[in-house]
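Inside the fold
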Amino acid sequence: MPSFTKTILITGGAGFIGSHVVRLFVTKYPDYRIVNLDALTYAGNLQNLTDIETAPNYVFEKVNLLDATELARVFTQYQPDSVIHLAAESHVDRSILSPLDFVYTNVVGTVNLLNVAKTQWSQKTLRQAQGDNPFDNKLFYHVSTDEVYGALGETGLFTEETPYDPHSPYSASKASSDHFVRAYGDTYGLPVVITNCSNNYGPYHFPEKLIPLFINNIITKKPLPVYGDGQYTRDWLFVKDHAIAIDLVFHKGKKGSTYNIGGFNEWKNIDLVKELCRQMDEKLENPVGTSEALITYVKDRPGHDRRYAIDAGKINKELGWEPSVTFEEGLGQTIDWFLSNEEWLKGVTSGAYQHYYEEQYAER
Ligand SMILES: NC(=O)c1ccc[n+]([C@@H]2O[C@H](COP(=O)([O-])OP(=O)(O)OC[C@H]3O[C@@H](n4cnc5c(N)ncnc54)[C@H](O)[C@@H]3O)[C@@H](O)[C@H]2O)c1
């Protein structure tokens, strides 16, 4: 049995961003043991991780954040030094239809995890071994969103000091979980760090979100539904750059701090969709305008925030992080990945991915 210098519990590692974080840590740090804890909801897909699933420093645990007993069992079994918490209900449209699911997983689930970490890390035996501070060398890292800050007008940027003003049930639940994480830091001295990130895109993105949905719709020649007038503005970040930022904050971020992470690039939805159409036509060798003809404007989403834009100056200045690719480059890489991974896409759209755990893991 190999010995490890660290054990990190990563929650939500079968999801979109979590799978990139798991892959980065498993491959970059062979001396760390990575425990991926995920309930495998509709958004969890173990086929995101087939390339690293047999690595000696990787373990998967199918556990729901709402099951405090199972969370405690995982903590006792693996004794993680740190938690990187990404598991969440993450889709705004679903939160409008079913807000309570977001309260359960994002709020109650996060508090369950905080409780287990606090209780297990402050056990008497640990305290005796480590002196006065049971939380030495421990870290609870919460991955959050810029949507907690609400909406901006035509100008301005979200900074780490921007007051919280969430508008959707999703952002309200993430804001609440951020508050609980900080409260556990302030009340119990739990070492915490939070990052608030803008919209991610890239390989393994679940095709209900704008970019992968539209790539899939262009491939299958279906309409591209654009909300309202298409003038909504978002900052976009390539998911691999987010994973690199998480690695940096995990190792070098100041405990108790918050860092905003963003791509330094704002796009109006309609401009983004047109750029996507342009690149898709080029790559599929379609006549110019083929994909744009699929655009259809649909009724706006209620409570739709007009503009998000993030000031990622703090993480840049303190930790030297900046995105490695422009949006056009990242989008190109994303399209290439989807075009060469049709099997993955088919597995998701047909629902076959949901049987992978039973087929591959259940008997291990
Ligand atoms: N996607 C973005 O653009 C974005 C931007 C900023 C922040 N975030 C945050 O990053 C995190 C990951 O986002 P994502 O886009 O990868 O999400 P995702 O929906 O792709 O993945 C979420 C994962 O959490 C798991 N999960 C859900 N409920 C669970 C529960 N009760 N117990 C255990 N596991 C559960 C799912 O199975 C899935 O694997 C979320 O916390 C999200 O709020 C996302």
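Residues numbered from 1 in each chain as written. Predicted model: local features only at pLDDT ≥ 70, side-chain atom pairs only at ≥ 80, totals over all residues. Heavy atoms only, no water.

1. So, the site of the ligand
In the vicinity of the ligand there are 29 residues, among which Ile-17, Asp-38, Ser-90, Tyr-170 and Lys-174 approach most closely. Between Phe-16 and the ligand, the recorded distance is 3.0 Å, taken from a backbone N or O atom to an oxygen atom. Within the side chain of Ser-90, an N or O atom sits 2.7 Å from an oxygen atom of the ligand. Protein chains bury 96% of the 830 Å² of accessible surface belonging to the ligand in isolation. For the shell around the ligand, the secondary-structure elements that each account for two or more residues are helix H1 (16-28), strand S5 (139-145), helix H6 (169-188) and strand S7 (199-201). A per-class count over the shell around the ligand returns 14 nonpolar, 13 polar and two charged. (Near = heavy atom within 4 Å. Polar contact = N/O pair within 3.5 Å; in protein donor to acceptor, adjacent residues only side chain to side chain. Areas by Shrake-Rupley, 256 points an atom, 1.4 Å probe, with all protein chains shown as cover. Helix = DSSP H or I, 4+ residues; strand = E, 2+ residues; numbered from the N terminus. Nonpolar A, V, L, I, M, F, W, Y, C, P; charged D, E, K, R; others polar.)

2. A word on the environment of Asp-271
Mapped onto the elements of the fold, Asp-271 is located in helix H9 (residues 269-284). On a C-alpha basis, the gap between Asp-271 and Gly-230 in space is 8.2 Å, while along the polypeptide they are 41 residues apart.

3. Comments concerning the sheet that holds strand S6 (residues 192-197)
The strand order across the open sheet built from seven strands is S3-S2-S1-S4-S5-S6-S10, with neighbouring strands paired in parallel fashion. The open sheet has two edge strands, strand S3 (58-62) and strand S10 (258-261), and neither has a second partner. Taking the axes of each pair of neighbouring strands and ignoring which way they run, one obtains an average angle of 20 degrees across the sheet. Here S5 pairs with S6 via six bridges, running parallel. In the strand pairing of S6, Phe-140 is matched with Val-192. Strand contacts of helix H8 (residues 239-252): strand S1 (6-11), strand S2 (32-38), strand S4 (82-85), S5, S6 and S10, with the helix running at about 145 degrees to S5, the strand carrying the most contacts. (Pairing = 2+ DSSP bridges. Axes fitted to C-alpha atoms, helices over the stretch in contact; angles between N-to-C directions. Contact = heavy atoms within 4.5 Å.)

4. Some points on the sheet that holds strand S9 (residues 233-238)
Pairing is mixed in the open sheet, where three strands are placed in the order S7-S9-S11. The strands lining the two open edges of the sheet, one partner per strand, are S7 and strand S11 (266-268). On average, adjacent strands in this sheet sit at an angle of 50 degrees to one another, irrespective of strand direction. In the sheet, S7 pairs with S9 via three bridges, with the strands oriented parallel. In the strand pairing of S9, Asn-199 is matched with Trp-236. In the packing of H9 onto the sheet, contacts are made with S9 and S11, and the angle to S11 comes to roughly 90 degrees.

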